[in-house]
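# Residue-level structural notes
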Amino acid sequence: MHFVAELKRRNVIRMAGLYLVGAWLIVQVAATLLPTFDAPTWVMKVLVALLATGFVSALVFSWLYELTPEGLKRDGEVDHAQSIAPQTARRMDRLIVLGLVAVIGVVAADRYWPRDHRPTTIAADSNVPAAAADIDKMPTAASAASATAAAKAAGAGQLIAVLPFRNRSVREEDAYFTEGIHDDLLTQLSRIAAFKVISRTSMMRYQDSDKSVPEIARELGAAVLLEGAVQRSGDQVRITVQLIDGASDVHLWAQTYDRELNTENLFAIQADIAKAIADSMKVALSPAEAGALAAGSTRNLQAYEAFLRGKLGSGPGFITAEMLGASIAAYDRAIELDPAFADAWARKARAQLAGYWYGVGLDSRVQRDAARASLEQAQKLAPESIETLLAQAYFHYWGQLDYAGADGVLQRVLERVPDDVEAWLLRGFVARRDGRFDDAITAFQRTVELDPVKLEGYSALVETHANLGHAAQAAEALAKASALGSEDYEAAVNVHEARGDAEAAWSAVEGPAPNSAALPFRAAMLSRDPARVALSLSPTLWPLDRRNPSDFPEIYVMAQAESLLLTEPEPARRLLEQIQARMQARPYPYPGGWRHNSYYFPSDLPGMLGDLDGVRAAERSYLATPRDAWAARDIQLSLAIAFARSGDPERAMHYLENIAATFGPASYLRFSIHPGLDAVREHPRYLALKAAYEAFAANNPEA
């Protein structure tokens, strides 16, 4: 207590408070002024280091010396009865209070002071002038300095973020037009080699955010952000945009466009925005890039609007036949209005391929053939456009499982646009199918580096690491996806299943699975709990409208039969025989075939029936299919279970050993919880897989 009292008497505590307040104010002033003089970043670091060092010196000085009317004296030389330390303390208190008031003022100004870069509010019922001159808000000197800072940040690998545009139109139905303009601008900017642009799906999470520009910039690592608003009124459009430095929150450039609504003007505005960003980032657009932006993809406004509707309806999250059909119909409308609209043909091909790949909508073979025809039209019209090349890459990959062909096309895309996020993500999926798992992980990591909030990239990393036995990396990627607000729990189920934790897999189920109707049933079966299995088959977890997709019409009934195998084998067999009779009556019993995301494979039904000849016939058909190294895990597990159930344990072990050899010893954990493998638990080769995993786990405790 005496020591504390002595600290107070010598004003050491007051000196600490006064110093900290003063140092904070100095740092804030320096942060504002240093960029104006283009000071290097080390200047701020040195200043902070000096202030930190000075703090200790100030405390020591305050302890050793006292201010007297005759000047500074050592504390031991001052008669305490004549000391003016109490008066000095009162003056220091006043200075601290003044400093705190200044701190509060700076914080309040930063948070609440109006900024002139915010979008001009346009009344919803105002009329847009017919063709008013552009209103150019000239950058200030501070803005120019911020532009230099932004250029340096961009050179260090940071990104451009385009915040969702605001809809200022009278009619609510025009909201899609605003979203479409935002989406198309992002697409066009991402095709410029010098730009690194965060995708629309990632940016939509900030649509209703109350975060400040610097906060968003810090989250994304973005050098600059673009804000905008769109107002449509009759045949006129007003688009306001402002480019903002992500670090200083100072606007670099702003513009209001009042134009007649036609595609020439819309594409000219896109080109102008791109040029402004390039100027602020101190990069140059190539003549080809500038020309492509201004030229656009169609001269028919109605065709362009239909194209925007198609794009918005066929994003990465669409899964239903209705959404797919509406998207293709929108592209058809665009093509009807402008048959030479190459981008519409290319996007239509991709939507049709998605229907084939994910097994929604029409018969899969019909959609693949239709996609081929659409792609051929795009290639005739614009063989070297990025949209056509991406559609071609998807056709090689989804349509043909031609990994070399897909990778070759993606390489051409990346040579022109090295940081195209979609191309990197697709390249990762192609490499994974090709069995180049390290290359796949590298591509997925590059995807999230370029777009730090891209959920698809993190989900791909979760699935890849989990199935290769990289438990720590899978958990890290899953945590990032969850922090970004992922609502797709499939990744969590996959991680827990790969770890052999059936209870955790079931606990991760939150409702109907967004991308796999049978996923809750699979998790329930792994737990072997009849109540959970019954719940997974109820409309609560398996909606009625998702029980008979076109390529897998028997999926729900097969799940019912498999659940009965656990407790009632005879009713299960009768149900399986009914399924078999219906399948044999169809011209194509298995439209989905051996595709990776098939709800059931040709080996599943004969396996559950104990039909060994049927399983062997299915195996022969599988061995004749194109190679798919990634799908081999699920397909070969299906074959192993089918052989185990139908009485050929040796062949079952052959496939389990194949999986372990490809995906690692940790694959045993997945085998250990699957009810379909109960027949081989005591097989010597199965026990050898168990021993290999235990040795692996002992040597890799964090794997």
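In this numbering scheme, every chain counts its residues from 1 along its sequence in written order. Reporting in this predicted model follows two pLDDT cut-offs: at least 70 for local features of residues, and 80 or more for side-chain atom pairs to be given and counted; totals over whole chains, interfaces and linings ignore these cut-offs and use all residues. The basis for every side-chain value is the complete set of non-hydrogen atoms in the structure, without hydrogens or water.

## Examining the overall build of the chain
- Helix and strand assignments follow DSSP, with helices taken as H or I runs no shorter than four residues and strands as E runs no shorter than two, numbered in order from the N terminus. Helix and strand counts for the chain stand at 32 helices and 8 strands.
- For the chain, the proportion of its 703 residues judged to be buried stands at 51%.
- Put simply, of all contacts in the chain between residues at least 6 apart along the chain, 65% involve residues at least 24 apart.
- Here the open area of atoms and residues is found with the Shrake-Rupley method and a 1.4 Å probe, where only the protein chains shown may cover a residue. Counting only carbon and sulfur atoms, one obtains 57% of the accessible surface of the chain, whose full area is about 31600 Å². The cut-offs for exposure are 20% and 50% of the maximum accessible area for each residue type, with area from a 1.4 Å probe on protein chains only; residues under the lower value are buried, those over the upper are exposed, and the others partly exposed. Here, two residues are considered to be in contact whenever any of their heavy atoms come within 4.5 Å of each other.

## Examining a nonpolar patch on the surface
- Patches were defined on residues exceeding 30% relative accessible area and lacking a salt bridge, with like-charge contacts within 9 Å and nonpolar side-chain contacts (Val, Leu, Ile, Met, Phe, Trp, Tyr) within 5 Å. By definition, a salt bridge exists where a carboxyl oxygen of Asp or Glu is found within 4 Å of a side-chain nitrogen of Lys or Arg. Together, V56, V60 and L64 make up a nonpolar patch on the protein surface, roughly 220 Å² of accessible area in all.
- Its location among the elements puts V56 in helix α3 (residues 41–64).

## Focus: the nonpolar core
- Nonpolar cores were defined as sets of buried Ala, Val, Leu, Ile, Met, Phe, Trp, Tyr and Cys residues, with membership established by side-chain atoms within 4.5 Å. Of all hydrophobic cores here, the largest spans 102 residues; its most connected members are L220, L225, V493, W542, L656, F671 and L677.
- Tallying contributions element by element places helix α29 (residues 632–645) first for this core, with 9 residues.
- Apart from the residues lying within four places of it in its own chain, the contact partners of L656 are L637, A640, F671, L677, Y686 and L689.
- In this structure, I239, L266, Y397 and A406 belong to the second largest nonpolar core, which totals 82 residues.

## Some words on the packing of aromatic side chains
- Pairing of aromatic side chains requires ring centres within 6.5 Å, counting the rings of Phe and Tyr and the six-membered ring of Trp. Pairs whose planes differ by under 30 degrees are stacked, by over 60 edge-to-face, and all others tilted. Tallied over the entire structure, the rule returns 22 aromatic pairs.
- Three or more aromatic residues joined by ring pairs make a cluster, and in this case those are W357, Y358, Y394, Y397 and W398.
- Taking NZ or CZ as reference, R547 lies 4.0 Å from the ring centre of Y556, over its face.
- Only when the NZ of Lys or the CZ of Arg is both within 6 Å of the ring centre and within 35 degrees of the ring normal is a charge said to sit over the ring. Lying across the ring of Y356, R595 places its NZ or CZ 4.9 Å from the centre.

## Quick look at the environment of A697
- Take A697: it is sitting in helix α32 (residues 684–699).
- Judged by its relative accessible area of 26%, A697 is partly exposed.
- In sequence terms A697 and A666 are 31 residues apart; their C-alpha atoms lie 7.9 Å from each other.

## Describing the pairing of strand β4 (residues 159–162)
- Neither face of β4 is open: one carries L159 and A161, the other I160 and V162, and all of them are buried.
- When DSSP locates at least two bridges between a pair of strands, those strands are taken to pair. Bridge analysis of β4 against strand β6 (residues 222–233) gives 4 bridges, and the strand direction is parallel. Residue L159 lies in a different strand from β6, and its bridge partner there is A222.

## Observations concerning the pattern of salt bridges
- Evaluated as defined, the whole model comprises 43 salt bridges.
- With a shortest N-O distance of 3.5 Å, E336 and R333 are connected by a salt bridge. A residue pair is termed a helical-turn pair when its members lie 3 or 4 positions apart in one helix, as E336 and R333 do in helix α12 (residues 321–337) at 3 residues.
- Looking at E336, the relative accessible area reads 57%, which means it is exposed.
- Take R333: its relative accessible area is 41%, and that puts it in the partly exposed class.
- R427 serves as the salt-bridge partner of D407, at 3.1 Å between the closest nitrogen and oxygen. One end of the pair, D407, is in helix α16 (residues 403–416); the other, R427, is in helix α17 (residues 421–433), and 20 residues separate them in sequence. Of the two residues examined, D407 and R427, each falls in the buried class.
- What you see here is one network of salt bridges that share partners, running through R191, R347, R350, E387, D420 and E422.

## Looking at the environment of I26
- Along the chain, the position of I26 falls in helix α2 (residues 12–33).
- Along the primary structure I26 and L47 are separated by 21 residues, whereas in three dimensions their C-alpha atoms are 9.2 Å apart.
- Leave out the neighbours within four places in its chain, and I26 touches L47 and L51.

## Regarding the side chain of S598
- Relative to the elements of secondary structure, S598 occurs in the loop between α26 (569–584) and α27 (604–609).
- Here S598 falls in the buried class, since its relative accessible area comes to 10%.
- At 3.4 Å, the side chain of S598 and the backbone oxygen of G593 are in polar contact.
- A distance of 2.9 Å separates the side chain of S598 from the backbone oxygen of R595, its partner in a polar contact.
- Sequence-distant contacts of S598, that is, excluding residues within four places in its chain, are made with F552, G592 and G593. Here a polar contact is taken to be a pair of N or O atoms separated by no more than 3.5 Å, where protein atoms must pair a possible hydrogen donor with a possible acceptor and residues adjacent in sequence count only if both atoms sit in side chains.

## Focus: the packing of helix α19 (residues 455–467) against helix α21 (residues 490–498)
- Axis lines are fitted through C-alpha atoms, for helices just across the contact stretch, and the angle between N-to-C directions can take any value from 0 to 180 degrees. Where α19 meets α21, the axes come as close as 9 Å, and the angle between the chain directions of the two elements is 10°. On the basis of the axis angle, α19 is roughly parallel to α21. Between α19 and α21, the residues in contact are V462, E463, A466 and N467 and A491, N494, V495 and A498, respectively.
- Residue polarity follows a fixed list, in which Ala, Val, Leu, Ile, Met, Phe, Trp, Tyr, Cys and Pro are nonpolar, Asp, Glu, Lys and Arg are charged, and the others, Gly among them, are polar. In the contact of α19 with α21, the residues fall into 5 nonpolar, 2 polar and 1 charged. For this classification, under 35 degrees means roughly parallel, over 145 means roughly antiparallel, 65 to 115 means roughly perpendicular, and everything else is oblique.

## Overview of the pairing of strand β7 (residues 236–245)
- With respect to burial, β7 is a largely interior element, 10 of its 10 residues being buried.
- The two faces of β7 match: Q236, R238, T240, Q242 and I244 on one face and V237, I239, V241, L243 and D245 on the other face are all buried.
- The hairpin formed by β6 and β7 contains 2 residues between the paired strands, and G234 there has a positive phi angle of roughly 65°.
- Pairing analysis gives 9 bridges linking β7 to strand β8 (residues 251–260), with the strands arranged antiparallel. Each bridged residue has a counterpart across the sheet, and for T240 the counterpart in β8 is T256.
- Between β7 and β8, which follow one another and run antiparallel, lie 5 residues, and D249 among them has a positive phi close to 65°.

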